[in-house]
Amino acid sequence: MYLRRVIFTLFPFLFSLPSLAASTDFPVDMSKGTVQSSGQGSWWQKAKFNLSETWSNSSSQELYIPAITWHNRWTYDKEKTDKYNERPWGAGYGVSRLDADGDWHGLYLMAFKDSFNKWEPIGGYGFEKRWTPTTNPDFQLGAGFTAGVTMRDNWHYVPIPVLLPLVSVNYQRLSFQATYIPGTYNNGNVFFAWLRWQI
């Protein structure tokens, strides 16, 4: 029953992406896959372009491996954190591309064990501005955001929109990517990280 909810909630989001391309009225240089004039078009038009371009012109397939769920000890009672799961077993799959500026755009679907050791799926779009802090072009840092939908057992698997920060350390095909879920005392305030491997 829960698996059917996941499929009917998250998959339509991903499969609707190709239709966005038809309604994108950006001037596009198809030889480079880039917007010719970044100053034209609304925020929504830019979002549609990036989603459809990533879906239809991705250059990489990626495996996601959840690695760490850490509850901020400054915002939790110890009796709570002692009960929570911080090993988010799971896996995911995604596609991505680098734009003309070398920035990362990705679409992903991932499922992992949450703080209560229940399955939590999440799917969405991620963007990161990339920097090369050393003379080695294989080593990069990234910072940006992810926007998508998740569902949790303790919220009866009702679809929940998410908009979260995203940072990464990247070397060749391997990335360590992470986000921080803000919250209140004994709620939220979780550092969540995963490995991303280009296959």
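This text goes with the structure placed above it.
Residues numbered from 1 in each chain as written. Predicted model: local features only at pLDDT ≥ 70, side-chain atom pairs only at ≥ 80, totals over all residues. Heavy atoms only, no water.

### Some thoughts on the sheet that holds strand β3 (residues 60–71)
Stage number 1. Taken in spatial order, the 8 strands line up as β3-β4-β5-β6-β7-β8-β9-β10 and close into a barrel, and their pairing is antiparallel. Sheet twist, expressed as the average angle between the axes of neighbouring strands with direction ignored, equals 30 degrees.
Stage number 2. Bridge analysis of strand β8 (residues 160–171) against strand β9 (residues 174–181) gives 5 bridges, and the strand direction is antiparallel. Bridge pairing in β9 links V167 to A178.
Stage number 3. Contacting β4 (90–98), β5 (104–113) and β6 (119–131), helix α3 (residues 43–56) runs over the sheet at an angle of about 75 degrees to β5. (Pairing = 2+ DSSP bridges. Helix = DSSP H or I, 4+ residues; strand = E, 2+ residues; numbered from the N terminus. Axes fitted to C-alpha atoms, helices over the stretch in contact; angles between N-to-C directions. Contact = heavy atoms within 4.5 Å.)

### With respect to the packing of aromatic side chains
Stage number 1. Per the counting criterion, the structure on display carries 8 aromatic pairs.
Stage number 2. Relative to F145, the ring of F127 lies with its centre 6.1 Å away and its plane at 40 degrees, an arrangement referred to as tilted. Of the two residues, F127 is situated in strand β6 and F145 in strand β7 (residues 139–150); the sequence distance between them amounts to 18 residues.
Stage number 3. You can call F145 partly exposed: its relative accessible area is 33%.
Stage number 4. Feature note: the residues Y76, Y84 and F116 constitute an aromatic cluster, connected by ring pairs.
Stage number 5. Residue placement shows R152 over the ring face of W155; its charged tip is 6.0 Å from the ring centre. (Phe/Tyr/Trp six-rings, centres within 6.5 Å; stacked < 30°, edge-to-face > 60°. Buried < 20%, exposed > 50% of the residue type's maximum accessible area, 1.4 Å probe, protein only. Lys NZ or Arg CZ within 6 Å of the ring centre and 35° of its normal.)

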